[in-house]
Amino acid sequence: MENKALYLETLRRDCPELPMHEVEAIESGQNNDVLLVNGEWIFRFPKYAEGIERLRYEVRLLTIVQERVSIPIPAPAKWNLQSDRIGSVFVGYPKIPGEPLLDGQWKELENAGAPAVRGIAGQLAAFLKELHTVPADALGDCGPKYDGYREWSDLFDRIRDKLYPYMNPEAQRWTDRHFASFLGNGSNFDIEPVLVHGDFGGSNILYNPGRRQISGILDFGSSGPGDPAVDYAGLLASYGEPFLQRMIELDPDIETLMERVKFYQGTFALQEALFGLENDDPEAFRDGIEAYR
């Protein structure tokens, strides 16, 4: 993490009451660098200028959402949101215990049997139901607006302009069909937007292996008004269709979203590649474009 020294200087200046006994640079996300301080505090620093306003919005959103959901989410306690300089803007909150529900943790859960998996499905179904009942305009006029057709048609234009030169002809044809089918169906945009997480995948879902329970939900940096199907698409990408079917058994309303869920899930790798290209992140670009070369 190339800016770690700058981040430490910022924390020493703005949080003098917090001793820096141990500082660990956690693997960076797409939008933020993350530090773990004393094993107890998480600090997130926007990596890009456009991420500063998003962080301000996220802090306001977290204060509203945390009182309405049954799974712990970050509770901002320290921040500097006044500056406009990268390296000076941050938010800090007590670390939520748990491990991301990915790879080995997910395999351990599956091996524990159907009741354990069903319990996790129940927790996540309840959390998303709670989140999606928060009014999309809960933050008033300060947050982003939702225009589904514009958002996805713009994404398609950028994919064609920027990614098609790196994609093989069959991948280009598949992408054309995938987006044309979705954009050509007006019912996909005749929806009531709700508050969505926006990046609801395994890396942001914390798991307590001892209790076999979800212990926290992280990273609301992509949250805002949107289509609830986007969040179920994140679960489909992380855990597969059998897990989503377990959630449908608990909340049959999810079934009505499945066509859009599968469309969104089919765009995630392309979105990652596009993000990498537009934000000079070669690793994200390589990971996203690999299957389309």
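Please refer to the structure higher up on the page.
The shown structure was predicted, so the numbers you read here are calculated from the model rather than taken from an experiment. (Residues numbered from 1 in each chain as written. Predicted model: local features only at pLDDT ≥ 70, side-chain atom pairs only at ≥ 80, totals over all residues. Heavy atoms only, no water.)

1. A few points about the pattern of salt bridges
Then, in step 1: For the structure on display, the rule yields 19 salt bridges.
Then, in step 2: A salt bridge links Glu278 to Arg158; the nearest nitrogen and oxygen atoms lie 2.9 Å apart. Here Glu278 is found in helix H10 (residues 268–278), whereas its partner Arg158 is found in helix H5 (residues 148–163), with 120 residues between them in sequence.
Then, in step 3: Judged by relative accessible area, which is 26%, Arg158 ranks as partly exposed.
Then, in step 4: Counted as one network, the salt bridges with shared partners bring together Glu53, Arg56, Arg60 and Asp84. (Salt bridge = Lys/Arg side-chain N within 4 Å of Asp/Glu carboxyl O. Helix = DSSP H or I, 4+ residues; strand = E, 2+ residues; numbered from the N terminus. Buried < 20%, exposed > 50% of the residue type's maximum accessible area, 1.4 Å probe, protein only.)

2. Things to note about the nonpolar core
Then, in step 1: Among the nonpolar cores identified, the biggest contains 61 residues, and Leu124, Phe127, Ile217 and Met247 are the most heavily contacted of them.
Then, in step 2: Broken down by element, the residue count for this core peaks at 9 residues, all from helix H4 (residues 114–132).
Then, in step 3: Excluding residues that lie within four positions of it along the chain, Ile217 makes contacts with Ile71, Pro72, Ile73, Pro74, Leu124, Phe127, His197, Phe200, Asn204 and Ile205.
Then, in step 4: Of all hydrophobic cores here, the second largest spans 13 residues; its members include Leu18, Met20, Val37 and Phe45. (Core = buried A, V, L, I, M, F, W, Y, C linked by side-chain atoms within 4.5 Å. Contact = heavy atoms within 4.5 Å.)

3. Focus: the packing of aromatic side chains
The relation between two aromatic rings is expressed through the spacing of the ring centres and the mutual angle of the planes.
Then, in step 1: Summed over all chains, the structure comprises 21 aromatic pairs.
Then, in step 2: Their ring planes at 75° and their centres at 5.0 Å tell us that Tyr166 and Phe285 sit as a pair that is edge-to-face. Of this pair, Tyr166 sits in the loop between H5 and helix H6 (169–183) while Phe285 sits in helix H11 (residues 282–289), placing them 119 residues apart in sequence.
Then, in step 3: Take Phe285: its relative accessible area is 9%, and that puts it in the buried class.
Then, in step 4: Put simply, the rings of Tyr149, Trp152, Phe156, Phe179, Phe182, Phe189, Phe263 and Tyr264 touch in pairs and so form one group of aromatic residues.
Then, in step 5: Across from the ring centre of Trp41, 4.9 Å away, lies the NZ or CZ of Lys78, which sits over that ring.
Then, in step 6: Positioned above the aromatic ring of Phe156, the side-chain terminus of Arg160 is 4.1 Å from the ring centre. (Phe/Tyr/Trp six-rings, centres within 6.5 Å; stacked < 30°, edge-to-face > 60°. Lys NZ or Arg CZ within 6 Å of the ring centre and 35° of its normal.)

4. Describing the side chain of Ser83
Then, in step 1: Within the secondary structure layout, Ser83 lies in the loop between strand E4 (78–80) and strand E5 (90–94).
Then, in step 2: Those residues in contact with Ser83 that sit more than four places away from it in its chain are Ile52, Arg56, Ser88 and Val89.

5. Quick notes on the sheet that holds strand E1 (residues 23–26)
Then, in step 1: One open sheet accounts for 5 strands, arranged E1-E2-E3-E5-E4; its pairing is antiparallel. Both outer strands of the open sheet, E1 and E4, are each paired with one neighbouring strand and no more. Adjacent strand axes in the sheet meet at a mean angle of 20° when their direction is disregarded.
Then, in step 2: Relative to strand E2 (residues 32–37), E1 runs antiparallel, the two being bridged by 4 bridges. Residue Glu24 lies in a different strand from E2, and its bridge partner there is Leu36.
Then, in step 3: Lying on the sheet, helix H1 (residues 4–14) is in contact with E1, E2, strand E3 (41–46), E4 and E5; it crosses E2 at an angle near 60°.
Then, in step 4: Along the sheet face, helix H2 (residues 50–65) touches E3 and E5 and points at about 140° away from the line of E3. (Pairing = 2+ DSSP bridges. Axes fitted to C-alpha atoms, helices over the stretch in contact; angles between N-to-C directions.)

6. As for the sheet that holds strand E6 (residues 99–100)
Then, in step 1: Within the open sheet, the 3 strands sit side by side as E6-E8-E9. Their pairing is antiparallel. Across the chains shown, the open sheet's two edge strands, defined by having one partner strand only, are E6 and strand E9 (213–217).
Then, in step 2: The pairing of strand E8 (residues 205–208) with E9 spans 4 bridges and is antiparallel. Its bridge partner lying in E9, Leu206 is registered against Gly216.
Then, in step 3: The strands touched by H4 within the sheet are E8 and E9, with E9 carrying the most contacts at an inclination of about 30°.

7. Observations regarding the packing of H5 against H6
Then, in step 1: Between H5 and H6, the least distance of the axes is 11 Å, while the angle of their chain directions is 165°. The angle between H5 and H6 places the two elements in the roughly antiparallel class. Judged by the sense of rotation from one axis to the other, the crossing of H5 with H6 is left-handed. Of the residues in H6, those in contact with Tyr149, Trp152, Ser153, Leu155, Phe156, Ile159 and Arg160 of H5 are Thr175, Asp176, Phe179, Phe182 and Leu183.
Then, in step 2: Here the contact of H5 with H6 is built from residues that sort into 8 nonpolar, 2 polar and 2 charged. (Parallel < 35°, antiparallel > 145°, perpendicular 65-115°, else oblique. Left-handed = near helix turned anticlockwise from the far one by under 90°. Nonpolar A, V, L, I, M, F, W, Y, C, P; charged D, E, K, R; others polar.)

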